[in-house]
Amino acid sequence: VVVAGRGNLGASDSAGLAAVQAVLAALPEGADVKVLPALRRGNVVGALQLGLAPTTPEQSATATLRAAADGKIELLVLLGADPLSDCPDGDLAARGLAGARRVVALDTFLTASSKRADVVLPVAAFGEQTGSVTNIEGRVAAVRPAVTVHATARPDWMIAAELAALLGHDLGATSVDALTARIAASVPGYAEATPEALADPEGVLAVRADVGRGELPEPIADVPVPNSYDYRLVVSRKLYDLAVGTQHAPALAPLAIGAGAHVHPLDADKVGVAAGGDVSIVSAGGSVVLPLVPDASVPRGVLWVPFNQPGTGTDITAIVGADRVVTDVRIERLA
């Protein structure tokens, strides 16, 4: 089993695909291997398998933001998405939201992005609605409400059904069980994921072999080697960050480690700035200021920055470009 995810938001997804291909090529011929996608959120695999996947590169999230930034998107719908906090290329996210003629957001909390929307539709939270969730293995399990839906928020399937009706389409959505039965009857791989089967706490394994085939970006063969003066920027997620759901939970919000430029202690000595002192991180796309953090777990020649963390420094997304294969940076002392 190979668990593959995007470990560095400062590098393109093609670099990650090249790594997966290298692992698969090293396996013995004919080996029985399963690749599990370690994606950002819990039910992304289910969403992709049910059709919320780009069919062409022009429909990817990055391409959509570019089109919006160019004024080509009449209506941008944010389905639980917060590009301003979640997109590694912060400049592209800001231009995309500004360039879309209208923005509609469906979310549980007001986020940095939904605050800029023309219309915000409140959606019931995970523990407030009935449904199912598909994990990275493709196992579908039932979800049951733990608390009552707050105020006027509604389950997202109800919102989708009413919007469709206003546009002259009948989705035939009358209940969660009816939707689950419809999915089992019409989505490849989900035939066994019936309402009756999902009553089993173990859930049902449902995998579509056709999703993503022939639609992945072309992997790159060679990743540029940094010179002796630069550091390879690695930007990665932590379990706890500035995600709005985390920040609304008093017990979770303090667990975010905070923003910082993490380097090996020997590299920190070379910079000549005391731990916690501010340094300038300079790339081809600009510069940001972050506190320096000596960290023995970081390899020499690497600058690691946790993504979307609280702190007084500037946001690392300001110097990450969606089109760059990798991002190399210099660490400079402030004047």
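Everything below is about the structure shown above.
Small disclaimer: the values here were computed from a predicted structure and weren't measured.

Criteria and thresholds
Residues numbered from 1 in each chain as written. Predicted model: local features only at pLDDT ≥ 70, side-chain atom pairs only at ≥ 80, totals over all residues. Heavy atoms only, no water. Helix = DSSP H or I, 4+ residues; strand = E, 2+ residues; numbered from the N terminus. Contact = heavy atoms within 4.5 Å. Pairing = 2+ DSSP bridges. Axes fitted to C-alpha atoms, helices over the stretch in contact; angles between N-to-C directions.

Draft legend 1. Structural detail: the environment of Val204. Mapped onto the fold, Val204 is located in strand E8 (residues 204-205). Put simply, Val204 and Glu192 are 12 residues apart on the chain and 6.8 Å apart in space, counted from C-alpha to C-alpha. Dropping the residues within four chain positions of it, Val204 is found in contact with Gly138, Arg139, Val140, Glu192, Ala193, Ala197 and Leu198.

Draft legend 2. Inspection of the sheet that holds strand E4 (residues 102-107) at higher detail. Taken in spatial order, the three strands make up an open sheet running E3-E4-E5, and their pairing is parallel. Strands at the two margins of the open sheet, each flanked by one partner only, are strand E3 (75-79) and strand E5 (119-122). The sheet shows a mean angle of 15 degrees between the axes of neighbouring strands, taken without regard to direction. In this structure, E3 lies alongside E4, joined through five bridges in parallel fashion. In the strand pairing of E4, Leu79 is matched with Leu106.

Draft legend 3. Region of the structure containing the sheet that holds strand E6 (residues 131-134). Strand order across the open sheet formed by three strands is E6-E7-E8, with antiparallel pairing between neighbours. Two strands close off the open sheet at either side, each with one partner strand: E6 and E8. Relative to strand E7 (residues 139-143), E6 runs antiparallel, the two sharing four bridges. Directly across from Thr134, in E7, lies its bridge partner Val140.

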